[in-house]
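Topology and contacts: notes
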Amino acid sequence: MAINTLEWNDYRVVLAIQRTGGLAPAARALGVNHATVFRQVNAMEARLGARLFDRHRSGYGLTAVGEVALAAAEAMEVQVLAAERRMAGGDLSLTGTIRVTAPDDMVQRLLLPLFVDFRERYPKIELEVIVENRFLNLSRREADVALRPTAAAPEAMTGINIGPLHMALYAVPALADRVAGGEALDALPWIGWEDGAETLRFGGFYRNRGLNPVFAYRSNSLLAQVFAAEAGMGIAVLPCFAGDSSDQLRRLEAVDRSYATNLWILTHPDLRRAARIKVFIDFMSGVLRKKRRLLAGD
């Protein structure tokens, strides 16, 4: 079977369909239209004389031939991405694009003014900010730099630990006054994550406090929780940099610091010597270290 008749762009299609489960999401991931991916799959299968995918109502599944192509595609991807990272790491010019990823609350309530200052200093560097609450894969070049709350730098990444990120309870003054007047926290509405507070690293806070909160509002976005708290929908457990900087919220009490995490600036080792990556990390680490008291909620 002549698997080697496929080209790298063909292998990219195989990877995209396998990872997304269908033609339409694969097309979006590749930045092309649905019809282009459909034609490319048909052309690949015609050249091979075999089917790469079984078509199901739920999506596309790999055949035995497709599994062979996928293994080859993954091996090629590792080599291609490594070469791209090494070439990007050798770029000594202060021009080009930096793909930066960070959670939504951090971008909106902490980083955006810093991005403005960076652009004023380095106007030939374009920032492409990917607001994403999940960890993107830096090895696959889904982003060049990540600013993330995490206990430690993930394996194979390099980075700078800015310092601890602490949490506290926040509410609008009307709710805060009820707490100050002696009303039990359990009697007030709460804001939490869509699939329950136990998904949070500090979820044990509720148990340790003996609380059984009734959630009036849940969201998969911490920024949406900040907005909901500011709208008076309930008490929220928020990072101090978001709560303390809000004119509409009052801190009720700090969350035990054993539930804290750290703010890291991360990149792939192959990219850290690229001039634009280096100046960005140096700039961001410098200004964020000056904000460590805000991050720690001191």
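From a predicted model like this one, the values you see are computed outputs, not experimental measurements.

Regarding its fold elements, the protein presents eleven helices and twelve strands. A burial count over the protein gives 47% of its 298 residues as buried. Long-range pairs, those at least 24 residues apart, make up 75% of the contacts in the protein between residues at least 6 apart in sequence.

Another aspect to go through is the sheet that holds strand 11 (residues 250-254). A sheet is described by the order of its strands in space; here five strands give the open sequence 9-8-10-7-11, paired in mixed fashion. Only two strands of the sheet have a single partner each, and these edge strands are strand 9 (214-219) and strand 11. Averaged over all pairs of adjacent strands, the angle between strand axes in this sheet comes to 40°, irrespective of strand direction. Relative to strand 9, strand 8 (residues 189-193) runs parallel, the two sharing five bridges. Within strand 9, the position partnered with W193 by the bridge is S219. Set on the sheet, helix 8 (residues 222-230) makes contact with strand 8, strand 9 and strand 10 (235-239); between it and strand 10 the angle comes to about 135°.

What follows deals with the packing of aromatic side chains. Summed over the entire model, instances satisfying the criterion amount to five aromatic pairs. By way of ring pairs, the aromatic residues F115, F118, Y122, F280 and F283 are connected into one cluster.

By the secondary structure assignment, Q18 is in helix 1 (residues 8-20). The exposure class assigned to Q18 is partly exposed, which follows from its relative accessible area of 35%. If near-sequence neighbours (up to four positions away) are discounted, Q18 is found in contact with L62 and L70.

In this section: the pairing of strand 4 (residues 125-131). In terms of strand pairing, strand 3 (residues 96-102) meets strand 4 through seven bridges, oriented parallel. The residue bridging T97 from the neighbouring strand is E126, located in strand 4. On the question of chirality, the crossover connecting strand 3 to the parallel strand 4 by way of helix 5 (residues 104-121) is right-handed.

Sheet strands pair via backbone hydrogen bonds, and the direction of the pair is either parallel or antiparallel. Strand order in this open sheet of five strands is 4-3-5-12-6, and the pairing throughout is mixed. Taken across any chain shown, the strands that pair with only one partner, and hence form the sheet edges, are strand 4 and strand 6 (158-165). Going across the sheet, the axis of each strand differs from the next one's by a mean of 20°, ignoring polarity. The strands touched by helix 5 are strand 3, strand 4, strand 5 (145-150), strand 6 and strand 12 (261-267); relative to strand 4, the strand with the most contacts, the crossing angle is about 180°.

Moving on: the pattern of salt bridges. Evaluated as defined, the whole model comprises seven salt bridges. Between D10 and R47 there is a salt bridge, with its nearest N and O atoms 2.5 Å apart. Placement of D10 in helix 1 and of R47 in helix 3 (residues 34-48) is noted, with a sequence separation of 37 residues between them. One salt bridge in this structure joins D177 and R250, with 2.8 Å as the shortest N-O distance. Here R250 lies in strand 11 and D177 lies in helix 6 (residues 173-180), a separation of 73 residues in the sequence. Note on D177: relative accessible area 44%, which makes it partly exposed.

Next up on the list: the nonpolar core. Where a protein is soluble and globular, its nonpolar side chains tend to be buried together. Within the largest apolar cluster, 58 residues are counted, with the highest numbers of intra-cluster contacts made by I98, L111, F118, L147, F280, M284 and L288. If you tally residues by element for this core, the top one is helix 10 (residues 275-289), at eight residues. Setting aside chain neighbours within four positions, we find L288 in contact with L110, L111, L114, L147, I162, L263, I265 and L295. Listed in part, the 22 residues of the second largest apolar core include L52, V65, A69 and A73.

Take the confidence of the model for the protein next. Keep in mind that low pLDDT regions are not for reading the predicted coordinates in detail. Summarising the model, the protein shows a mean pLDDT of 83, and 89% of its residues fall at 70 or more. By mean pLDDT, helix 7 (residues 204-208) is the weakest element of the protein at 73, and helix 8 is the strongest at 94.

With respect to the helices and strands, the residue T63 is situated in the loop between strand 2 (59-62) and helix 4 (64-89). Not counting the four nearest positions on each side in its chain, T63 is found in contact with R51, L52, F53 and D54.

Moving on, we come to helix 2 (residues 23-30). The α-helix advances 3.6 residues per turn, and as a result positions three or four apart in sequence lie on the same side. Every buried residue of helix 2 is accounted for by L23, A26 and A27. Buried residues of helix 2 fall within an arc of 100° about the axis and therefore sit on the same side. Within helix 2, the exposed residues directed more than 90 degrees away from the buried face are R28 and A29. In this structure, the buried residues of helix 2 make contact with helix 1, helix 3 and strand 2.

Rules used in this analysis
- Residues numbered from 1 in each chain as written.
- Predicted model: local features only at pLDDT ≥ 70, side-chain atom pairs only at ≥ 80, totals over all residues.
- Heavy atoms only, no water.
- Helix = DSSP H or I, 4+ residues; strand = E, 2+ residues; numbered from the N terminus.
- Buried < 20%, exposed > 50% of the residue type's maximum accessible area, 1.4 Å probe, protein only.
- Contact = heavy atoms within 4.5 Å.
- Pairing = 2+ DSSP bridges.
- Axes fitted to C-alpha atoms, helices over the stretch in contact; angles between N-to-C directions.
- Phe/Tyr/Trp six-rings, centres within 6.5 Å; stacked < 30°, edge-to-face > 60°.
- Right-handed = clockwise from strand over helix to strand, strands pointing away.
- Salt bridge = Lys/Arg side-chain N within 4 Å of Asp/Glu carboxyl O.
- Core = buried A, V, L, I, M, F, W, Y, C linked by side-chain atoms within 4.5 Å.
- pLDDT = per-residue confidence, 0-100.
- Arc of directions from axis to C-beta.

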